Amino acid sequence: MTFVQLIECRTSRLDEMNRLMDRWVEQTKGKRTASHSVVAKDRADASHIVEIVEFPSYEEAMRNSGLPETDRIFQDMVALCEETPTFTDLDVVRDEQLYAATARRFFELAPGQGDAPPFNDVFVEDYHDHDPGNVQDVIGLDALRREVEVWRGGFDFSFTIEDQMAQGDRVCTRWTFHGRHTGEFLGIPPTGQEVTMTGTTVHRCTPDGKIAEGWWQYDRLGLMQQLGVLEPLEL
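What you see is a predicted model; the values in this text were computed from it and never measured. (Residues numbered from 1 in each chain as written. Predicted model: local features only at pLDDT ≥ 70, side-chain atom pairs only at ≥ 80, totals over all residues. Heavy atoms only, no water.)

Peer 1: Whenever I open this one, the pattern of salt bridges confuses me. Can you help?
Peer 2: When the charged atoms of two side chains with opposite charge come close together, those side chains can pair. Applying the stated criterion across every chain, the model contains twelve salt bridges. With a shortest N-O distance of 2.8 Å, Asp 76 and Arg 23 are connected by a salt bridge. A residue pair is termed long-range when its members are at least 10 positions apart, and Asp 76 in helix 3 (residues 68-80) and Arg 23 in helix 1 (residues 14-27) qualify at 53 residues. Overall, the relative accessible area of 33% leaves Asp 76 in the partly exposed class. Arg 23 gets classed as partly exposed once you look at its relative accessible area, which sits at 36%. When the shortest N-O distance is used, the salt bridge between Glu 194 and Arg 180 registers 3.9 Å. Placement of the pair is Glu 194 in strand 9 (residues 194-205) and Arg 180 in strand 8 (residues 170-181), with a sequence separation of 14 residues. (Salt bridge = Lys/Arg side-chain N within 4 Å of Asp/Glu carboxyl O. Helix = DSSP H or I, 4+ residues; strand = E, 2+ residues; numbered from the N terminus. Buried < 20%, exposed > 50% of the residue type's maximum accessible area, 1.4 Å probe, protein only.)

Peer 1: Explain the environment of Met 165 here, please?
Peer 2: Mapped onto the secondary structure, Met 165 falls in strand 7 (residues 155-167). Considering only alpha carbons, one finds Met 165 and Tyr 99, 66 residues apart in sequence, at a separation of 9.9 Å. The contacts of Met 165, once residues within four sequence positions are left out, are Arg 170, Val 171 and Cys 172. (Contact = heavy atoms within 4.5 Å.)

Peer 1: Is there a simple way to think about helix 1 in this case?
Peer 2: Residue pairs three or four apart in sequence face the same way in an α-helix, which turns once every 3.6 residues. The terminal C-alpha atoms of helix 1, which comprises 14 residues, lie 20 Å apart, in line with the 20 Å expected from a rise of 1.5 Å per residue. Where helix 1 is concerned, the buried positions are Met 17, Leu 20, Met 21 and Trp 24. The buried residues of helix 1 occupy one face: seen down the axis, they fall within an arc of 95 degrees. Residues of helix 1 that are exposed and angled more than 90 degrees away from the buried face: Asp 15, Arg 19 and Asp 22. Lining the buried residues of helix 1 we find strand 1 (3-10), strand 3 (45-55), helix 2 (58-65) and helix 3. (Expected span 1.5 Å × (residues − 1). Arc of directions from axis to C-beta.)

Peer 1: What exactly am I supposed to notice about the sheet that holds strand 4 (residues 86-91) here?
Peer 2: Backbone hydrogen bonds hold the strands of a sheet together, and the pairing may be parallel or antiparallel. Strand order across the open sheet formed by four strands is 2-3-1-4, with antiparallel pairing between neighbours. Only two strands of the sheet have a single partner each, and these edge strands are strand 2 (36-42) and strand 4. Here the strands of the sheet are splayed against their neighbours by 20 degrees on average, with no regard to which way each runs. Contacting strand 1, strand 3 and strand 4, helix 2 crosses the sheet at an angle of about 115 degrees to strand 3. (Pairing = 2+ DSSP bridges. Axes fitted to C-alpha atoms, helices over the stretch in contact; angles between N-to-C directions.)

Here you go:
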């Protein structure tokens, strides 16, 4: 279970505190078990500083606390604070990356038959899609729906999400496409062929949680080979 430690202190020496943390990061390379750290300043009280440190587990957090470098940095940290820092230990009971959930929603909605769904709750109206398989970028929600309908018309398909990572306003999804070629696709008559294709998509999200831009990389050549359009490559 993921574990989070909440550290609160009061200091007017935030720059020195940041340099102190930089030194700890440098000194504990290859030793520390913390996976993520956020330092924040209270907008209503600039001297109120909160640090949120994430660990894979409580046990890993305790191992991190036991490092001699951590103890030395803590003593220096106390010297910079107006009062002794307080610590709150938190077991994470829910951890949801909301931008990542929006990206997953698209991969759930795209498969199907007939007209594409509205996608209004997933994409902004002027969504911009970068697909190396298209001569021009797809721009606008209506154009995206038409693009999805091309795939719906050609395949009975689904996506498997293999990995997903979110950072800032970007979500990267590694996926596998599973499909059966049931209709015409890019001028290729239906073959009934079962196909698979791997790819990666990076989405940029807006502050309200919708997707504004997407970049695709996928094995289009491998797909064409499975459909019998291209001869297998000779190694």
